[in-house]
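Here's the letter readout for the chains.
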Amino acid sequence: MAEANDVYASIKDHIDYKGEQVTAETYLKVITGDASAGGKVLQSGPEDNVFLYFVDHGGAGMLSFPGLWYPSSLLEVDLMNALQSMHDKKMYKNLVFFVDACESGSMFENLPAGINVYAVTGANAKESAWGTYCSSSVAGKKMETCLGEEFSCTWLEEADVTDLSTVTLQALYEVVLGGVKMSHPQEFGALAYANTTDADAF
């Protein structure tokens, strides 16, 4: 059998947190610039555009972080408090947040107004997000798993073939909305900004 490309080997030296280090508590410290996280943290300022992207499991009002014995959950209220803190500390000019998880729409229903955040989720507040490429083979070997998420693959593949300087964030969202068939992507927050800003701004 032909050898498959070892993707991990090419990225492992660029991973800042892994294994048991990846918790909800650490994530909140990273995005709010709290150096007690123990590694790299966001050090953006008032003129920066910030893009956050989260992919994992989720549920009503929560996002899950990995852990065999002690998984942790990020609650909606804690995420909203973190975004408000980032805004208050002037850590961004505009922030775009893509979340791919089951029931991810529940995370932004209480997004504060006026904090310049545009959020897109892979599912609404009451449904699952779904995998894709689930019957794929790698180097001739059938993989007993899904290799991607439908929402993530839809927007990433669209971004690969589109000149993002020619489309707005809103236009990109509408393409994704039409391309995702098994869930209902949602958008929240600064919709007027999304309608006037090129997708390559992030």
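Quick note: structure is the one above.
Residues numbered from 1 in each chain as written. Predicted model: local features only at pLDDT ≥ 70, side-chain atom pairs only at ≥ 80, totals over all residues. Heavy atoms only, no water.

As summarised here, the arrangement of the four strands in space is 1-5-6-11, forming an open sheet in which the pairing is mixed. The two strands at the open ends of the sheet, each matched to only one other strand, are strand 1 (49-55) and strand 11 (186-189). Averaged over all neighbouring strand pairs, the angle between strand axes comes to 15°, with direction disregarded. Strand direction decides the pairing type here: strand 6 (residues 117-121) and strand 11, joined by four bridges, are antiparallel. Across the sheet, Val120 pairs through a bridge with Glu187, a residue of strand 11. Against the sheet, helix 5 (residues 169-179) touches strand 5 (94-100), strand 6 and strand 11, its axis set at about 10° to strand 6. (Pairing = 2+ DSSP bridges. Helix = DSSP H or I, 4+ residues; strand = E, 2+ residues; numbered from the N terminus. Axes fitted to C-alpha atoms, helices over the stretch in contact; angles between N-to-C directions. Contact = heavy atoms within 4.5 Å.)

Counting residues in hydrophobic clusters, the biggest one holds 28 residues, and the most contacted among them are Leu79, Leu83, Leu95, Phe97 and Phe108. Secondary-structure elements contributing two or more residues to this core are helix 2 (24-31), strand 1, strand 3 (62-65), helix 3 (76-88), strand 5 and strand 6. Ranked by the residues each element gives to this core, the list is headed by helix 3, at five residues. Excluding residues that lie within four positions of it along the chain, Leu79 makes contacts with Leu28, Ile31, Leu74, Phe97, Met107 and Phe108. If you look at the next biggest cluster of nonpolar residues, it comprises 15 residues, including Tyr118, Leu172, Tyr173 and Tyr193. (Core = buried A, V, L, I, M, F, W, Y, C linked by side-chain atoms within 4.5 Å. Buried < 20%, exposed > 50% of the residue type's maximum accessible area, 1.4 Å probe, protein only.)

Time to look at the sheet that holds strand 2 (residues 58-59). Here three strands make up an open sheet; going across it, the order is 2-3-4 and the pairing antiparallel. The open sheet has two edge strands, strand 2 and strand 4 (72-75), and neither has a second partner. Across four bridges, the pairing between strand 3 and strand 4 is antiparallel. Considered in strand 4, the bridge of Leu63 is made with Leu74. Seen against the sheet, helix 2 touches strand 3 and strand 4 and runs at an angle of roughly 45° to strand 4.

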